[in-house]
Amino acid sequence: MIDVVKPGLETSVQDYPGRIGYWAQGFPPSGPMDDWSFRLTNLLVGNLPGAAALECQFVGPTLRFRDAGVIAIGGADMKPTLDGKPCPMWESIAVKAGEILALSFAVVGARAYIAVAGGIDTPPWLGSCSTFHKAGVGGIEGHALKAGQIVPVGNGNGRAGRKVKPEARPSFATGKKWNIEVVRGPNDDWIDQDGHHRFLSSDWKLSSKSDRTGFRLEGPQWTFTSKATDKAPEHGSEPSNIIDQGYPVGAINLGGQTPIILVNDGPSMGGFINPYTVPSAAFWKLAQARPAEILRFVEQSVAQAQALRRKIDALCTESSIL
């Protein structure tokens, strides 16, 4: 078991791929936002890539281990220490009973992952251990970790000294700019050509009013086709209003003039258009972007997005571990 000394800003139990098959009932997939880093970190400690582990946001936790075990840390660099001494990332590490792991502020990236051999042993809810904060389900008591809580760990057979090949790790942007892949649709025909050009050629600042539900962007104005302005009244008065429809995961949801990327804990439907969608293979970049950083969007075809997904999936295997 692990004692939570300090919980960090928002540290939660997640598993991959999350809670699949219940979005129609209002429960999103949840799961890790950067599933590339998450899966590699699990593999380091001998877990299945989707095993339950901890996602740490911006400021990491301080944890005391009651038992000896093997851990690994991947994703954002939160300057982890073990009993006050720096410990490496992207490598499996042996811990002794009583030792304290402390993660600080993220200096590169935004979300780090802590995997423990045996996985976090919390009861699944609708088939997943992932925490969905807004409904208070999954994880430990349905919410981010709190000081004084105990994190249960399953039985594992991890081995220290395993490392992720450098070329298999995600490469985080260090210049505060991210190129994010997007695919047109499902409502791209509501935006005129000037609007599409402006979206793809502009800098979009990630707002501090962003969370695991949606990433709010600040940027230029959108312009619309006649389909958005000359429409039946049931679609609503604003050009971005549409009669309620289903939203894909990763939809860039346009409420008025404000685009919001619907991420892991986002809603399944609503009355706004979605002119573009961020494919799952680009979610790791969203996860590691920090407020006030700049996103530039790069259009891809569905086939290109699927190929990128396959490439990342191929890296999240034992072949990437030394």
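Remember, predicted model here, so these are calculated numbers, not experimental data.

**Q** Just give me the short version of the sheet that holds strand 3 (residues 53–57), but keep the residues and values in it.
**A** Spatial ordering of the open sheet is given by 2-3-10-5-8, a layout of five strands whose pairing is antiparallel. Edge positions in the sheet fall to strand 2 (11–14) and strand 8 (93–95), since each of these pairs with one other strand and no more. Strand-to-strand twist of the sheet, defined as the mean angle between neighbouring strand axes without regard to direction, takes the value 30 degrees. Pairing between strand 5 (residues 69–77) and strand 8: three bridges, direction antiparallel. Within the sheet, the bridge partner assigned to Ile-71 lies in strand 8 and is Ile-93.

**Q** If you had to explain unusual backbone geometry to someone new, which residues and values would you point to?
**A** That bond from Tyr-16 to Pro-17 is cis: its omega, 10 degrees, falls within 30 degrees of zero. The residue Pro-17 is located in the loop between strand 2 and helix 1 (35–44) in this model. A cis amide bond links Gly-185 to the next residue, Pro-186, at an omega of 10 degrees. Summarising the element assignment, Pro-186 is placed in the loop between strand 12 (177–184) and helix 2 (193–201). A positive phi angle, near 55 degrees, is found at Ser-30, a position not held by glycine. Structurally, Ser-30 can be placed in the loop between strand 2 and helix 1. Residue Ser-30 is classed as buried on the basis of its relative accessible area of 2%.

**Q** Can you lay out the state of the cysteines for me, pointing to particular residues and giving the numbers?
**A** As used here, a disulfide is simply a covalent bond connecting the sulfur atoms of two cysteines. Scanning the entire structure with this criterion turns up zero disulfides. Sulfur of Cys-56: no disulfide; nearest cysteine sulfur belongs to Cys-87 and is 12 Å away. Take Cys-56: its relative accessible area is 0%, and that puts it in the buried class.

**Q** Provide a residue-level description of the packing of helix 1 against helix 5 (residues 302–315), including the pertinent values.
**A** Where helix 1 contacts helix 5, the axes come no closer than 9 Å and their chain directions differ by 20 degrees. By the criterion of interaxial angle, the relationship of helix 1 to helix 5 is roughly parallel. Relative to helix 5, helix 1 is oriented so that their crossing is right-handed. Between helix 1, through Asp-35, Trp-36, Arg-39 and Leu-40, and helix 5, the contact on the second element is made entirely by Arg-309, Ile-312, Asp-313 and Leu-315. Of the residues contributing to the contact of helix 1 with helix 5, the split by class is four nonpolar, no polar and four charged.

**Q** Can you lay out the pattern of salt bridges for me, pointing to particular residues and giving the numbers?
**A** By the definition in use, this model includes 16 salt bridges. The salt bridge involving Arg-162 is made with Glu-318; its shortest N-O contact spans 2.8 Å. Placement of Arg-162 in the loop between strand 11 (150–151) and strand 12 and of Glu-318 in the segment after helix 5 is noted, with a sequence separation of 156 residues between them. Classification of Arg-162 by relative accessible area gives buried; the value is 11%. The class for Glu-318 is partly exposed, based on a relative accessible area of 44%. One network of salt bridges, with partners in common, ties together Asp-35, Arg-39, Arg-309 and Asp-313.

**Q** Hey, could you go over the sheet that holds strand 6 (residues 81–82) for me, with residue numbers and the actual values?
**A** Pairing is antiparallel across the open sheet formed by six strands, whose spatial order is 7-6-9-4-1-11. The open sheet has two edge strands with one neighbour each: strand 7 (85–86) and strand 11. Sheet analysis places strand 1 (residues 2–6) next to strand 11, joined by two bridges and oriented antiparallel. The residue bridging Ile-2 from the neighbouring strand is Val-151, located in strand 11.

**Q** Which residues make up the environment of Ala-314, and what values go with them?
**A** Positionally, Ala-314 belongs in helix 5. Note: C-alpha distance between Ala-314 and Gly-195 (119 residues apart in sequence) is 36 Å.

**Q** For the pairing of strand 18 (residues 269–277), give the residues involved together with the corresponding values.
**A** Most of strand 18 is tucked away, with seven of its nine residues classed as buried. Looking at chain direction, strand 12 and strand 18 are connected through two bridges and run antiparallel. Paired with Val-183 across the strands is Thr-277, a residue of strand 18. Strand direction decides the pairing type here: strand 15 (residues 241–246) and strand 18, joined by three bridges, are antiparallel. From the neighbouring strand, Gln-245 faces strand 18, where its bridge partner is Gly-270. In this sheet, strand 18 lies alongside strand 16 (residues 251–255) in antiparallel orientation, the contact comprising three bridges. What sits directly across from Leu-254, in strand 18, is Ile-273.

Scoring rules and cut-offs
- All residue numbers refer to positions counted from 1 along the written sequence of the respective chain.
- Local features are withheld for residues below a pLDDT of 70 in this predicted model, meaning they are given only at 70 or higher, and side-chain atom pairs are given and counted only at 80 or more; totals for whole chains, interfaces and linings count all residues.
- Each side-chain value is worked out from all heavy atoms of the structure, with water and hydrogens disregarded.
- We call two strands paired when DSSP finds no fewer than two bridges between them.
- By definition, any uninterrupted DSSP run of H or I lasting at least four residues is a helix, any uninterrupted run of E lasting at least two residues is a strand, and each is numbered from the N terminus.
- Every axis in this analysis is a line fitted to C-alpha atoms, fitted for helices over the stretch in contact. Angles between the N-to-C directions lie between 0 and 180 degrees.
- Remark: exposure states derive from per-residue accessible area (1.4 Å probe, protein chains only) relative to the maximum for the residue type, with buried under 20%, exposed over 50%, and partly exposed in between.
- When two cysteine sulfur atoms are found within 2.5 Å, that pair is recorded as a disulfide.
- Reported orientations rely on four angle classes, namely roughly parallel under 35 degrees, roughly antiparallel over 145, roughly perpendicular from 65 to 115, and oblique for the rest.
- If you view the pair so one helix is near and one far, a crossing is left-handed when the near helix is turned anticlockwise from the far one by less than a right angle, and right-handed when it is turned clockwise.
- Throughout, a residue-residue contact means that at least one pair of heavy atoms, one from each residue, lies within 4.5 Å.
- All amino acids are sorted into three groups, where Ala, Val, Leu, Ile, Met, Phe, Trp, Tyr, Cys and Pro are nonpolar, Asp, Glu, Lys and Arg are charged, and the leftover types, Gly among them, are polar.
- Just to be clear on terms, a salt bridge is a Lys or Arg side-chain nitrogen sitting within 4 Å of an Asp or Glu carboxyl oxygen.

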